[in-house]
Amino acid sequence: MDLTPELKNAIDTLSSAYSLSELSKESACISHRYRNAERLGQRLLTTEQQAVAYAVTRMPATFGALSSVLKDIQDLVGNIKTVTDVGSGTGAAAWAADTVLAVDKITCLEREDCMRFIGLRLMSGTKTGDKTSWMSFDLADLKIPPSSDMVIAGYVLNELSSSIQRQVILNLWESAQSVLVIVEPGTPAGYRNILLARDTLISAGGYIWAPCPHQSLCPLEQNDWCHFACRVARTKQHRLSKGGVAPYEDEKFSFLVVGRYPSDKSYARVLRHPLIRSGCVGLTLCSAEGVQNTVISRRDKKKFQSAKKAVWGGRFGQ
């Protein structure tokens with residue numbers, strides 16, 4: 001899902017005050033810091049220029065991933081009025097929640113002053129900004145965020161020390177009146193964070209809404225991990241700042257959605273790209289019965305039509 005015109009214009013306007021070389025240099029530094037961080041809660045971005053570079057180079061991907069997750073669960077979550085975006089960065093989750101769910105009130109919690117400042121600047125004079133308030137907040141302090149219908153923690157657990165992750169997850173859950181959404185990088189390490197959250201929240205009485213169509217142990221083999229992807233269009237400035245050539249990038253992510261009550265939807269999750277052949281479609285599905293490889297023939301007209309429309313990461317058979 002691409003940036004909304006309002007957000008794209010805000011990023012373009014804000015970044016126009018900086019040269020391409022400045023943004024490219026900061027983008028490279030940010031990538032290096034995130035790749036080499038030791039998950040000890042260290043401060044990775046501390047200046048306004050770094051926050052602008054982050055908005056240019058990372059915000060489109062995080063907005064895309066969070067929007068994809070929220071669109072996937074839109075019919076599961078019901079009428080969400082209030083959202084708390086924890087570890088907001090420059091506000092990608094807040095923009096995604098307003099775009100997909102059209103909520104009434106958003107609270108952004110972010111530790112870094114520079115990120116809050118740029119997040120506020122991006123929202124200034126926008127409809128999303130009119131319903132959003134920003135607060136200084138550090139997850140490592142283990143405080144309880146303000147309660148809301150939905151709590152979103154996007155790309156947060158991967159930045160925390162493993163010693164506090166479980167308690168942070170419980171704190172997030174306590175704050176979510178209806179549903180908790182967690183999104184992590186689509187890497188083996190990111191998926192391990194999702195599995196930790198899944199185990200913790202099931203033990204705390206939560207109900208898995210997505211991506212898993214069941215409450216059982218993850219049926220994937222140890223060398224596999226559950227992740228999905230969204231394609232994000234790059235602006236010219238985004239592409240040049242990252243030294244890229246392609247007009248798009250694919251953001252891989254893992255996610256978890258946990259509710260206060262059981263979901264009334266029954267479905268399987270498509271775990272791989274469908275294999276479309278003449279007269280049949282092969283699907284790898286996660287269902288209540290585990291991971292299954294199934295071939296759907298043209299003879300089953302209804303299922304076959306659904307299978308042809310199936311996509312990696314989507315729901316099937318609902």
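In the block above lies the structure referred to throughout.
The structure presented is a predicted model; accordingly, all values stated were derived computationally and were not measured.

What counts, and at which threshold
- Residues numbered from 1 in each chain as written.
- Predicted model: local features only at pLDDT ≥ 70, side-chain atom pairs only at ≥ 80, totals over all residues.
- Heavy atoms only, no water.
- 1 Å grid on protein atoms, 1.4 Å probe; cavity = no way out; pocket = protein on both sides within 12 Å on 5 of 7 lines; lining within 4 Å.
- Points joined across faces, edges and corners; volume = space filled by probe spheres on them.
- Nonpolar A, V, L, I, M, F, W, Y, C, P; charged D, E, K, R; others polar.
- Helix = DSSP H or I, 4+ residues; strand = E, 2+ residues; numbered from the N terminus.
- Salt bridge = Lys/Arg side-chain N within 4 Å of Asp/Glu carboxyl O.
- Buried < 20%, exposed > 50% of the residue type's maximum accessible area, 1.4 Å probe, protein only.
- Right-handed = clockwise from strand over helix to strand, strands pointing away.
- Pairing = 2+ DSSP bridges.
- Contact = heavy atoms within 4.5 Å.
- Phe/Tyr/Trp six-rings, centres within 6.5 Å; stacked < 30°, edge-to-face > 60°.

**Student:** Could you give me a rundown of empty space enclosed by the protein, with the residues and numbers involved?
**Tutor:** Evaluation of the coordinates by the stated rule reveals two cavities of 30 Å³ or more. Computed from the structure, the largest cavity encloses a volume of approximately 90 Å³. Of the residues belonging to the lining of the largest cavity, the class tally is ten nonpolar, one polar and two charged. Along the walls of the second largest cavity sit Y191, I194, L195, R198, P211, C212, C218, C226, F228, S254, F255 and L256, which together make up its complete lining. Mapped by element, the contributors of at least two residues to the lining of the second largest cavity are α10 (188-203) and β8 (248-259).

**Student:** Give a detailed account of the pattern of salt bridges, specifying residues and quantitative values.
**Tutor:** Where charged atoms from two side chains of opposite charge approach closely, those side chains can pair. All chains considered together, the criterion is met by 16 salt bridges. Here the salt bridges share partners, and the residues they tie into one network are D72, D75, K265, R269 and R315.

**Student:** Talk me through the pairing of strand β1 (residues 82-86); I want residue IDs and the actual numbers.
**Tutor:** Taking burial as the measure, the five residues of β1 include four buried ones, the bulk of the element. Viewed along the sheet, the connection from β1 through helix α6 (residues 92-101) into strand β2 (residues 105-110) turns out right-handed. Bridge analysis of β1 against strand β4 (residues 148-154) gives four bridges, and the strand direction is parallel. Counterpart to V86 in the pairing with β4 is A153.

**Student:** For unusual backbone geometry, give the residues involved together with the corresponding values.
**Tutor:** Peptide bonds are, in most cases, trans, and in most cases residues other than glycine have a negative phi. The linkage connecting A210 with the following residue, P211, adopts the cis geometry, with an omega of 0 degrees. Even without being glycine, A102 reaches a positive phi, approximately 50 degrees. In this structure, A102 sits in the loop between α6 and β2. Since its relative accessible area comes to 54%, A102 is described here as exposed. In the Ramachandran plot, Y155 falls in the positive-phi region, its phi being about 55 degrees despite a non-glycine side chain. With respect to the secondary-structure elements, Y155 resides in the loop between β4 and α9 (162-175).

**Student:** Go over the environment of I208 with me, naming the residues and quoting the values.
**Tutor:** Secondary-structure assignment places I208 in strand β6 (residues 207-210). Taking the C-alpha atoms as reference points, I208 and S162, separated by 46 residues in sequence, lie 22 Å from one another. For I208, the contacting residues outside a window of four places in its chain are R198, I202, H214, Q215, L256, V257 and V258.

**Student:** Describe the packing of aromatic side chains, and please don't skip the residues or the numbers.
**Tutor:** Going through the model one piece at a time under the given rule, you end up with four aromatic pairs. Ring centres 5.1 Å apart and planes at 55 degrees place the aromatic pair W209 and Y261 in the tilted group. Of this pair, W209 sits in strand β6 while Y261 sits in the loop between β8 and β9 (268-270), and the two are 52 residues apart along the sequence. Owing to a relative accessible area of 1%, W209 belongs among the buried residues under this scheme. On the accessibility criterion, Y261 (39% relative accessible area) is partly exposed. Here F228 and F255 contribute two aromatic rings whose centre-to-centre distance is 5.6 Å and whose plane-to-plane angle is 55 degrees, an arrangement assigned as tilted. Within this pair, whereas F228 is found in strand β7 (residues 228-233), its partner F255 is found in strand β8, the two being separated by 27 residues in sequence. A residue is classified by how much of its surface remains accessible, and F255, at 4% relative accessible area, is buried. A network of ring pairs unites the aromatic residues F228, F253 and F255 as a single cluster.

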